[in-house]
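What follows is the residue order along each chain.
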Amino acid sequence: MEIKIPFIIFEVHGEEYAIDAYFSKKLEKIERISTLIRRTDFPRAFPEGSLEPLLKEEELENFLKSLFYEVAKISGQTFDERLRHMRRWNLWRFLGIPTGFRRHLEEDEKLSSASREAMLSLSILQRVLGVKNAGKLGDVIIIPKGYAYYVIRVEGGEIRNEKGEIDRIYTSLLKIDEGFRKALKL
């Protein structure tokens, strides 16, 4: 199955990027949206695609800045939640109270994974928008430059681009994100 995904091309601080204008509004977790931002290294020749853009050019700036605020908040929350868990667990261990090592290890891995995902997302947004914190977002000017379409094919649990190479981001989303799978209708 071949799908042409709409991307909005935009410029920030003299550099061009593109964001998926369809799946960015379909993902299950907001932290995963920033992985759909990429350099504009794919053809722009397609006048239309098989998917209708859900993210419009006029809402792009507000969308990216709101995404930055939300991801910054989530990354702080997940980090704090992991620290609270580790402190409680270490206190119980220090006091010699048995609490189930495996259960705490599994919980810590789950919290660690969520924290890494949020921090990676924040790092991507900081790089693309050229700011370190939300206080500087007012200075960021995002210039939409139109749409481009990225061709993917779903083949046996993997997603490949038009060159036949595995697209690691979309393949990963296919495995971990229910909203992505529903949007693909798989």
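These figures come from a predicted structure and were not determined experimentally.

A. Quick look at the packing of aromatic side chains. Here the structure, examined in full by the defined rule, presents seven aromatic pairs. Considering the side-chain rings of Phe7 and Tyr150, the 5.9 Å spacing of their centres and the 75° angle between planes classify their relative orientation as edge-to-face. One end of the pair, Phe7, is in strand E1 (residues 2–12); the other, Tyr150, is in strand E4 (residues 142–155), and 143 residues separate them in sequence. Among the residues examined, Phe7 registers a relative accessible area of 0% and is labelled buried. By relative accessible area, Tyr150 is classed as buried at 8%.

B. Spotlight on the nonpolar core. Residues Phe10, Ile19, Phe23, Leu129, Tyr170 and Phe180 are the most contacted members of the largest nonpolar core, which totals 44 residues. When residues of this core are traced back to their parent elements, those giving at least two are E1, strand E2 (15–20), helix H1 (60–94), helix H2 (101–129), E4, helix H3 (168–176) and helix H4 (178–184). When neighbours within four sequence positions are excluded, Phe180 is seen to be in contact with Phe23, Lys26, Leu27, Ile159, Tyr170, Leu173 and Leu174.

C. H3, seen in detail. Within the sequence span of H3, burial applies to Tyr170, Thr171, Leu173 and Leu174. The buried residues of H3 occupy an angular sector of 160° when projected down its axis, which confines them to one face. Residues of H3 that are exposed and angled more than 90 degrees away from the buried face: Arg168 and Lys175. Taken together, the buried residues of H3 touch E1, E2, strand E3 (37–39), E4, strand E5 (158–161) and H4. Where H3 begins, one side-chain oxygen reaches toward the backbone nitrogen of Ile169, 3.1 Å away; that side chain belongs to Asp167.

D. Just the confidence of the model for the chain, in detail. Of all residues in the chain, 79% have pLDDT values of 70 or greater, and the mean over the chain is 83. Mean pLDDT values over the elements of the chain span from 76, in H1, up to 94, in E2.

E. Layout of the pairing of E2. Bridge count for E1 against E2 is six bridges, and the pairing is antiparallel. By the bridge assignment, Phe10 is partnered in E2 with Tyr17. Sheet topology note: the E2/E3 ladder contains three bridges and is antiparallel. Bridging across to E3, Ile19 finds its partner in Ile37.

The rules behind the values
Residues numbered from 1 in each chain as written. Predicted model: local features only at pLDDT ≥ 70, side-chain atom pairs only at ≥ 80, totals over all residues. Heavy atoms only, no water. Phe/Tyr/Trp six-rings, centres within 6.5 Å; stacked < 30°, edge-to-face > 60°. Helix = DSSP H or I, 4+ residues; strand = E, 2+ residues; numbered from the N terminus. Buried < 20%, exposed > 50% of the residue type's maximum accessible area, 1.4 Å probe, protein only. Core = buried A, V, L, I, M, F, W, Y, C linked by side-chain atoms within 4.5 Å. Contact = heavy atoms within 4.5 Å. Arc of directions from axis to C-beta. Polar contact = N/O pair within 3.5 Å; in protein donor to acceptor, adjacent residues only side chain to side chain. pLDDT = per-residue confidence, 0-100. Pairing = 2+ DSSP bridges.

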